[in-house]
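Chain residues, written in single-letter form:
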Amino acid sequence: PEALAGVLVLAPTVSFSSTHWQLIVSGILDEASRLNVPVMFSSAETEEEAVAHVRNFYSRNGVLGIILACFPTHVSAADWLPTDTDTASVSLLMRAEGSRANIDNYSAVYEATVNLLQLGHRRIAIAINSLAWWAQQRRLQGYLDAHAAFGLAPCEEPRTVPNRYAKKWLEERLSASEPPTAIVAATSDLSFQLFAELHRLDVRIPEELSFVGIGHVRPWVEPLFDTILLPTFDRGVEAVRALRTVVTYPGREVVTELPAQLVRVGSVGPPRRVLPSGTEGV
C-alpha cells in the first residue's frame, strides 16, 4: 500500500545538544505522532552503515520515509540510500536535488545588511562559524549581495570564526584602528556568545555598535537583539509532510522554503560619527 510506514532520520554530523537540531527533531516527532508514524534515528556515520540501517528498517507494509539532514555541501547524500528498496526521501538543512524542506537563509540576512547600509554603516563585520553547510553559505551570500547592491566591498574578507574563538575574534575587531560599526552574527551560537561578550566589555548597543544575530522561533523567548528568526520547528514538521506527499503521490517532488523573519528590538541604529571639531556625536 502507498502509505508512510515509518520515518528514518539519517543525520551523521548533528549534535543533539544543539538547540537548532532539538527544535527540528521536535517538529519531526510532533508531526509523525499526529500521523501515528514511528520515527527512528540512525547512528550511521558512513554510507555502508546507512544502507544497512535502511534495509534493516525497510517495511513491506508501506514505504519507509527517510530524512537526510546536515550533510556538508561536498557530500552526496544520495549515495547513502540503497537503490533496491521501496523508500522515499526528503532533505533538510542542505542543498540537494529532489524533495526538500529548507529555510530561506538568504533574504533576511540581505534585508538586515541593506538596512545597516541605508543607516550609513560602511564597516559591517560578519561572524560565521563554517562554510561547509548550505545555510551558512546562503547567509554569507545575502551579506555579500547587499554590499554589491550599494557598489561596496565588505570592510574585510569574510572568514570563518569557530565558536571557541568568538571572544578573541570580537576583541581583535574592537581594538582595530578602524573597528566595525556593526556586526552581523550569522549563526545562533555565535550570536549569543558575541552579544554576551559585548555586554561584558560594556559596549553600548546600538550607540557604539549595531548588532544583528540569528535565532530560532520559540514563542516563550523574547529576542534580546535584532534577530533573524528561523522557523526551525516548522522545518521538521514540513519534512514529514513532504514525505507523506511523495509517498501518497509517487513521482511528485515537494520543495518547501520557509521564510525567516527579521525581528527588530532596537539593537541597530545609525553609526557613531566624529564631528569636525573632534567631538563625537551620532
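Residues numbered from 1 in each chain as written. Predicted model: local features only at pLDDT ≥ 70, side-chain atom pairs only at ≥ 80, totals over all residues. Heavy atoms only, no water.

Draft legend 1. Structural context of a negative patch on the surface. A cluster of acidic residues, E45, E47, E48, E49 and D79, forms a negative patch on the protein surface. Residue D79 is classed as partly exposed on the basis of its relative accessible area of 43%. (Patch = residues over 30% accessible without salt bridge, like charges linked within 9 Å, V, L, I, M, F, W, Y side chains within 5 Å. Areas by Shrake-Rupley, 256 points an atom, 1.4 Å probe, with all protein chains shown as cover. Salt bridge = Lys/Arg side-chain N within 4 Å of Asp/Glu carboxyl O. Lys, Arg positive; Asp, Glu negative; His and termini not counted. Charge placed at Lys NZ, Arg CZ, Asp CG, Glu CD. Buried < 20%, exposed > 50% of the residue type's maximum accessible area, 1.4 Å probe, protein only.)

Draft legend 2. Highlighting helix α3 (residues 107-118). In this model, α3 (12 residues) spans 16 Å end to end at C-alpha, consistent with the 16 Å of a helix rising 1.5 Å per residue. Those residues of α3 not exposed but buried are A108, V109, A112, T113, V114, L116 and L117. Residues of α3 that are buried make contact with β6 (124-127), α4 (134-149), β7 (182-185), β8 (210-216), β9 (226-230) and β11 (261-263). The first or second residue beyond α3 is G120, which carries a positive phi of 110°. (Helix = DSSP H or I, 4+ residues; strand = E, 2+ residues; numbered from the N terminus. Expected span 1.5 Å × (residues − 1). Contact = heavy atoms within 4.5 Å.)

Draft legend 3. Expanded view of unusual backbone geometry. Omega for the peptide link from I205 to P206 comes to 5°, which places this bond in the cis form. If you trace the backbone, P206 turns up in the loop between α6 (188-200) and β8. Backbone geometry at C70 places phi at a positive 65°, although glycine is not the residue there. Summarising the element assignment, C70 is placed in the loop between β3 (63-69) and β4 (87-92). One non-glycine residue, D202, lies in positive phi territory at about 60°. Tracing the backbone through its elements, the reader meets D202 in the loop between α6 and β8.

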